[in-house]
Amino acid sequence: MIFDFATMLPVFQVFIGLIAFLSLATVTTYFINRRKAAGESNGVIIKNELQMRINSWWLMVGVFGLSLMFGPMTTIYLFAILSFIALKEYFSMTATRKADRRVLFWAYLTIPLQYYWVATGWYGMFIIFIPIYAFLFLPFRMVLAGETKNYLKAASNIHWGLMLTVFTLSHLAFLVVMPLQGAEVNLSAGLKVSSEGAALLLYLVVLTQLNDVSQFISGKLFGNTPIAPKVSPNKTRGGLIGGAIFTVALGSLLATSLTPMNWWQGALVGFGISLVGFIGDISMSAIKRDAGIKDTGQILPGHGGILDRLDSLTFTAPLFFHLMHYAFY
C-alpha cells in the first residue's frame, strides 16, 4: 500500500461514514425482514430487492475503497476494467452490424491505450485520443468492410459508446494523477497522488452516487410530477429538488477536507453535480428505452449492470475533472 495515514485521513473519515451508513441500513433491513410475515409475497419481493441493493453497495464500497488504498495504479486498473464491462454492456444492448464485428476489436483496443495516457499523466493525448484519433480511424476501418447500409447509424453508435463508456469514465481515473499535472508522474511512490487524487475522486463519486440515492428517496416521498414521463416516469421534480438540496449541503460539507475548494464553491459544485448527474441518468434511461430493455446488465444484483450504476458519472466526471484541472491544478 502506498498511502500516508495523515494525508489520507479525510478519505478514511468519509469511508468510515459510508460504512456506518451501510451498517445502519443492513441492521434496519434485518429487523424489517423479521417483522415481515412469511406469507406476504409483497414483503418478500421488497425484502429481496432491498437486501440485494445493500449487498451490492457493500461490494462496490469495498472494491472502490481498496483500490484507493492500494494506490493510483490499482485505481486506474479498476476503471479500465469498468470501462471494458460498460462498453461490452453498451454493445450488447445496441444494434451492431455483422460487418462491424471486426471493428469492435479496435473499439475495445482504445481502452488500454486511453488508460495508458492516464497512467503516464499525458493530458494532451488523453484528451484527444478518442475524440480525434479514434473518431477518424474507426470509420475508415468500417469503410474497408465495404458495407454502406446503415453506415452512418453504425458509426454514430460506436463513437457514442466509446465516448460514454471509455472517454468519460477515464476522467475518473485521471483524477488520481491530476495533482501532479506538469510534474514527473511517479505512480509507484507518489504519496501526493494517492492522497489528493484519491480525495478528489472520492468527493466526485460520493456526491454523484448519493445524489442518485437522495433523488430516488425524495421522489418517493415528495415526487408527483414527472419531468420526462416518456423517458423515465419515476424521475420527478420533487426528486430532483430534494436531491439537489442534499447534494449542495454534502458538497459544501466535504469540500474543504477533500478538495481545494471552500464551502461555497463546494455548494456550487454540488448543485452542478446534482443537475448534470440527473441528465446522465435520464440519458441512459432514454438509451435503454430505445433498446427495449430495463437494465444494461445483471452484474450488480438489485442495481442491474455497470452502466446502470455509472450512468450519472459519465456526465459528472468530465465536467468535474476539467473544473478541477483548469481552476485548481
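About the thresholds
- Residues numbered from 1 in each chain as written.
- Predicted model: local features only at pLDDT ≥ 70, side-chain atom pairs only at ≥ 80, totals over all residues.
- Heavy atoms only, no water.
- Salt bridge = Lys/Arg side-chain N within 4 Å of Asp/Glu carboxyl O.
- Buried < 20%, exposed > 50% of the residue type's maximum accessible area, 1.4 Å probe, protein only.
- Helix = DSSP H or I, 4+ residues; strand = E, 2+ residues; numbered from the N terminus.
- Axes fitted to C-alpha atoms, helices over the stretch in contact; angles between N-to-C directions.
- Left-handed = near helix turned anticlockwise from the far one by under 90°.
- Contact = heavy atoms within 4.5 Å.
- Nonpolar A, V, L, I, M, F, W, Y, C, P; charged D, E, K, R; others polar.
- Expected span 1.5 Å × (residues − 1).
- Pairing = 2+ DSSP bridges.

Asks: Can you walk me through the pattern of salt bridges in this structure?
Replies: Oppositely charged side chains can pair when the atoms bearing their charge come close. Counted under the stated rule, the structure contains 5 salt bridges. A salt bridge links Asp 100 to Arg 97; the nearest nitrogen and oxygen atoms lie 2.8 Å apart. Grouping residues by exposure puts Asp 100 and Arg 97 together as buried. Put simply, Asp 212 and Arg 309 hold a salt bridge, and the shortest N to O gap is 3.2 Å. With a gap of 97 residues between them, Asp 212 in helix α7 (residues 191–222) and Arg 309 in helix α10 (residues 306–310) connect regions that are remote in the sequence.

Asks: Help me out: how do you make sense of the packing of helix α5 (residues 123–144) against helix α11 (residues 313–327) in this one?
Replies: The angle between the axes and the distance between the axes are what describe a pair of packed helices. Where α5 meets α11, the axes come as close as 14 Å, and the angle between the chain directions of the two elements is 150°. Our pair here, α5 against α11, has a crossing hand that is left-handed. Facing Tyr 123, Phe 126 and Ile 127 of α5, the residues of α11 in contact are Phe 321, His 322, His 325 and Tyr 326. Partitioned by chemical class, the residues of the contact of α5 with α11 number 5 nonpolar, 2 polar and no charged.

Asks: I keep staring at helix α4 (residues 101–120) and nothing clicks. Help me out?
Replies: One turn of the α-helix equals 3.6 residues, which is why residues spaced by three or four share an orientation. Compared with an ideal rise of 1.5 Å per residue, which puts 20 residues at 28 Å, α4 spans 31 Å between its outermost C-alpha atoms and is within 8% of the ideal. Of the surrounding elements, those touching the buried residues of α4 are α3 (72–93), α5 and α6 (151–174). Of the residues trailing α4, Gly 121 is marked for its positive phi of about 70°.

Asks: Would you explain the packing of helix α8 (residues 237–258) against helix α9 (residues 263–291) in this entry?
Replies: Closest axis-to-axis distance for the α8/α9 pair is 7 Å, and the angle between their directions is 140°. Both α8 and α9 take part in a crossing whose hand is right-handed. Contacts between α8 and α9 involve Leu 240, Gly 243, Ala 244, Thr 247, Val 248, Gly 251, Ser 252, Ala 255 and Thr 256 from the first element and Trp 263, Gly 266, Ala 267, Gly 270, Phe 271, Ile 273, Ser 274, Leu 275 and Phe 278 from the second. Partitioning the contact of α8 with α9 into residue classes produces 10 nonpolar, 8 polar and no charged.

Asks: Help me understand the pairing of strand β2 (residues 232–236) in this model?
Replies: When a strand is regular, its side chains alternate between the sheet's two faces. Taken together, the 2 bridges between strand β1 (residues 226–228) and β2 define a ladder with antiparallel strand orientation. Its bridge partner being in β2, Ala 228 is matched across the sheet by Ser 232. The antiparallel pairing of β1 with β2 creates a hairpin that spans 3 residues between the two strands.

Asks: I keep staring at the environment of Trp 106 and nothing clicks. Help me out?
Replies: Tracing the backbone through its elements, the reader meets Trp 106 in helix α4. The exposure class assigned to Trp 106 is partly exposed, which follows from its relative accessible area of 33%. Separated by 32 residues in sequence, Trp 106 and Leu 138 place their C-alpha atoms 7.4 Å apart.

Nothing here speaks to function; it is geometry throughout.
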